[in-house]
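# Per-entry structural report
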Amino acid sequence: MHWQAAEAISAELNGPVDSVEALCRLDLHGLHVDEAIEVLERRLLKLEAARGAHKGMPRKLTVIVGRGKHSSGAEASLPRAVEAYLAERGNNYGQAGLGCFEIRIKHGSRGVASTVSSAG
């Protein structure tokens, strides 16, 4: 996996995560499937840990996956992979427009935050 490239693309698409609003929006299009799932997992873990520690944290994450216009093949692979990942993980989610998911954040534990920050 080209993790450094994925982080650079993700940072360019998403900008600094310096507010609650920025934390609750994630743009994954432009990333390879495995990179996108890794970025999504890290963000979900971070939000779950924050929700476990702070009652006022938002309950939803909006994830942009794109419509697959630039995918090779007949169907977009990123939306299908993200949906499969969320189903496997047990997250409640739904479509929030074309190429976009809205994910309900689970309550996490405080111990998860250290896993996310140390994985950096």
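The model shown is predicted, which means the values in this text are computed figures rather than measured ones.

## Comments concerning the pairing of strand β4 (residues 100-104)
- With five bridges connecting them, strand β2 (residues 60-64) and β4 associate as antiparallel partners. Looking at β4, one finds that Ile 64 is bridged to Cys 100.
- Once strand β3 (residues 93-95) ends, the chain turns through four residues before running back antiparallel as β4, passing Gly 97 with a positive phi of about 115°.

## Brief notes about helix α4 (residues 77-89)
- Taking 1.5 Å of rise per residue, the 13 residues of α4 would be expected to cover 18 Å, and the 18 Å separating its terminal C-alpha atoms lies within 8% of that figure.
- Among all positions of α4, only Leu 78, Pro 79, Ala 81, Val 82, Tyr 85, Leu 86 and Arg 89 are buried. In an axial view of α4, the angular spread of the buried residues amounts to 165°, which keeps them on one side of the axis.
- Looking at the buried residues of α4, the elements they touch are α3 (33-53), β3 and β4.
- Where α4 terminates, the next one or two residues include Gly 90, which has phi positive at roughly 85°.

## So, the sheet that holds β3
- Strand order in the open sheet formed by four strands is β1-β2-β4-β3, with mixed pairing between adjacent strands. The open sheet has two edge strands with one neighbour each: β1 (25-27) and β3. Neighbour to neighbour, the strand axes of the sheet diverge by 20° on average, direction disregarded.
- Summarising the sheet, β1 and β2 pair through three bridges and their orientation is parallel. For Asp 27, the partnering residue across the bridge sits in β2 and is Ile 64.

Conventions adopted
Residues numbered from 1 in each chain as written. Predicted model: local features only at pLDDT ≥ 70, side-chain atom pairs only at ≥ 80, totals over all residues. Heavy atoms only, no water. Pairing = 2+ DSSP bridges. Helix = DSSP H or I, 4+ residues; strand = E, 2+ residues; numbered from the N terminus. Expected span 1.5 Å × (residues − 1). Buried < 20%, exposed > 50% of the residue type's maximum accessible area, 1.4 Å probe, protein only. Arc of directions from axis to C-beta. Contact = heavy atoms within 4.5 Å. Axes fitted to C-alpha atoms, helices over the stretch in contact; angles between N-to-C directions.

Scope: geometric values only; no functional claims are made or implied.
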